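Residue-level listing of the chains:
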Amino acid sequence: MKSHRSDIEPFWVKDCALIAIATGKKAQNLRELREYLRDIDTNSIYYHFWGGLLRPRFDDPEYHNDFAIWVAHSLHHISLAERLAIIDPTNFETLEDLRSELINLIEDSLDETEFPKWAKRDDQFEYIRFQLVIFNTNISFGNPYEFSCLLPQVSLGSIFFHFIDSRHRNSNHIDDFRNWLLHFGEEYKNLINRIERIDPYFSSLAKLRHDLSQAFSDCVQGEGY
């Protein structure tokens, strides 16, 4: 077990929730989806890629973002849905880059289709933006051993805030867990590398919590390296 380092600030756990806010912009076909996508706030693009992790929705293992889900189930355009589904937002440096990729894929599809399909009027794609509400949990950890004991019990909202949202919030674009561990120098290099290999997107928050807990547990017990 590693001893507490009094020179390092403890890790304070926070929780969060997403409040969905309508933008008033709705698309009934690919052309409308593309036109709104050109100038929609990047907050909305973020929501439609990541928001499904925090909000209840139909479990669709094939399609991981709202664009792919709508194109598949409302437009029945499976080939485009599959192309949209494999987009990994973590591969893009900025949300603007992600926007460009979406527009390019939609435009390629429009070029291939003479008569784009329309969704039913009550099944349009509604662009949503969000407000992230952050809560203090009053839970803190002084070292990775303490973290490994209680991490399996932290909320899924905490996993989202510290492992996913932090990548957009932090200037170095890495999660809060690794940023905290970096303060220990080389002491937890293996754990940092282990966390880096965890895919934050093609998974559920419950699975991410399990994988993170396993990584911390293996490290403090000296296993897996």
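This write-up is about the structure you can find in this document. Model, not experiment: these values are computed from the prediction.

**With respect to the environment of Ile40**
Part 1 of the reasoning: Tracing the backbone shows Ile40 in the loop between helix H1 (30–39) and helix H2 (42–50).
Part 2 of the reasoning: A relative accessible area of 4% means that Ile40 is categorised as buried.
Part 3 of the reasoning: For the pair Ile40 and Arg129, spaced 89 residues apart in the sequence, the C-alpha separation amounts to 9.2 Å.
Part 4 of the reasoning: Those residues in contact with Ile40, other than ones at most four positions away along the chain, are Thr23, Lys25, Ile45, Arg99 and Tyr127.

**Quick notes on the environment of Asp123**
Part 1 of the reasoning: Structurally, Asp123 can be placed in the loop between helix H5 (95–112) and strand S2 (125–141).
Part 2 of the reasoning: For the pair Asp123 and His173, spaced 50 residues apart in sequence, the C-alpha separation works out to 36 Å.
Part 3 of the reasoning: Aside from chain neighbours lying at most four places away, what touches Asp123 is Trp70 and Ser74.

**Overview of the state of the cysteines**
Part 1 of the reasoning: Scanning the entire structure with this criterion turns up 0 disulfides.
Part 2 of the reasoning: Lacking any disulfide linkage, Cys149 is separated from the closest cysteine sulfur, that of Cys219, by 13 Å.

**Notes on the environment of Arg55**
Part 1 of the reasoning: Tracing the backbone through its elements, the reader meets Arg55 in the loop between H2 and helix H3 (66–73).
Part 2 of the reasoning: Separated by 160 residues in the primary sequence, Arg55 and Ala215 have C-alpha atoms spaced 26 Å apart.

**Here we look at the packing of helix H9 (residues 189–196) against helix H10 (residues 205–220)**
Part 1 of the reasoning: Relative to each other, H9 and H10 sit at 160 degrees, their axes nearing to 10 Å. The angle between H9 and H10 places the two elements in the roughly antiparallel class. Of the two possible hands of crossing, H9 and H10 adopt the one that is right-handed. Along its contact with H9, which presents Leu191, Arg194 and Ile195, the element H10 presents Leu212, Gln214, Ala215, Phe216, Asp218 and Cys219.

**Details of the side chain of Arg99**
Part 1 of the reasoning: Checked against the element boundaries, Arg99 lands in helix H5.
Part 2 of the reasoning: Using a relative accessible area of 8% as the deciding quantity, one classes Arg99 as buried.
Part 3 of the reasoning: If near-sequence neighbours (up to four positions away) are discounted, Arg99 is found in contact with Leu37, Arg38, Asp39, Ile40, Thr42 and Ile45.

**Overview of the packing of aromatic side chains**
Within a pair of aromatic rings, the relevant descriptors are the distance that separates the centres and the angle that separates the planes.
Part 1 of the reasoning: Considering all chains together, one arrives at 22 aromatic pairs under this definition.
Part 2 of the reasoning: Ring centres of Phe11 and Trp180 lie 5.6 Å apart, and the angle between their planes is 75 degrees; on these two criteria the pair is classed as edge-to-face. Of this pair, Phe11 sits in strand S1 (residues 11–27) while Trp180 is found in helix H8 (residues 176–181), placing the two residues 169 residues apart along the sequence. The burial state of Phe11 is the same as that of Trp180; both residues are buried.
Part 3 of the reasoning: Note on Trp50 and Tyr201: the rings are 5.0 Å apart at their centroids and 75 degrees apart in plane angle, and the pair reads as edge-to-face. Of this pair, Trp50 sits in helix H2 while Tyr201 sits in the loop between H9 and H10; the two residues are 151 residues apart in sequence, bridging distant segments of the chain.
Part 4 of the reasoning: Residue Trp50 is classed as buried on the basis of its relative accessible area of 3%.
Part 5 of the reasoning: Classification of Tyr201 as buried rests on a relative accessible area of 3%.
Part 6 of the reasoning: Members of the aromatic cluster, each reached through a chain of ring pairs, are Phe11, Phe141, Phe147, Phe163, Phe177, Trp180, Phe184, Tyr188 and Phe216.
Part 7 of the reasoning: We note Arg167 situated over the ring of Phe163; from NZ or CZ to the ring centre the distance is 4.6 Å.
Part 8 of the reasoning: The side chain of Arg169 reaches across the aromatic face of Phe161, ending 4.0 Å from its centre.

**A closer look at the pattern of salt bridges**
Part 1 of the reasoning: Within this structure, the stated rule accounts for 12 salt bridges.
Part 2 of the reasoning: Among the ionic pairs, Arg83 bridges to Glu112, the shortest N-O distance being 3.6 Å. Pair noted here: Arg83 is in helix H4 (residues 78–85) and Glu112 is in helix H5, with a separation of 29 residues, a long-range link.
Part 3 of the reasoning: Owing to a relative accessible area of 56%, Glu112 belongs among the exposed residues under this scheme.
Part 4 of the reasoning: Across the pair Asp211 and Lys207 runs a salt bridge whose closest N-O atoms are separated by 2.8 Å. Placement of both Asp211 and Lys207 in helix H10 is noted, with a separation of 4 residues, approximately one turn of the helix.
Part 5 of the reasoning: Several salt bridges share partner residues, and in doing so they unite Arg34, Glu35, Arg38 and Glu107 into one network.

About the cut-offs
- Each chain has its residues counted from 1, running along the sequence as written.
- In view of the model being predicted, local features appear only for residues whose pLDDT reaches at least 70, and side-chain atom pairs are presented and counted only at 80 or more, with totals across whole chains, interfaces and linings using the full set of residues.
- Side-chain calculation: all heavy atoms of the structure are included, whereas hydrogens and water are not.
- Secondary structure elements follow DSSP: runs of H or I of four or more residues count as helices, runs of E of two or more count as strands, with numbering from the N terminus.
- Per-residue accessibility, obtained with a 1.4 Å probe over protein chains only, is compared with the maximum for each type, and a residue is labelled buried under 20%, exposed over 50%, and partly exposed between these values.
- For this analysis, residues touch if any pair of their heavy atoms sits within 4.5 Å.
- Working definition: a disulfide is two cysteine sulfur atoms within 2.5 Å of each other.
- Axis lines are fitted to C-alpha atoms, over the contacting stretch for helices. Their N-to-C directions set the angle, which ranges from 0 to 180 degrees.
- Angles below 35 degrees are treated as roughly parallel, those above 145 as roughly antiparallel, those between 65 and 115 as roughly perpendicular, and all remaining angles as oblique.
- For any helix crossing, the convention is left-handed if the near helix is rotated counterclockwise from the far helix by under a right angle, and right-handed if that rotation is clockwise.
- Each Phe, Tyr or Trp ring, with Trp reduced to its six-membered ring, pairs with another whose centre is within 6.5 Å; inter-plane angles below 30 degrees give stacked pairs, above 60 give edge-to-face pairs, and intermediate values give tilted ones.
- Over a ring means this: the NZ of a Lys or the CZ of an Arg is within 6 Å of the ring centre and within 35 degrees of the ring normal.
- What counts as a salt bridge is simple: a side-chain nitrogen of Lys or Arg found within 4 Å of a carboxyl oxygen of Asp or Glu.

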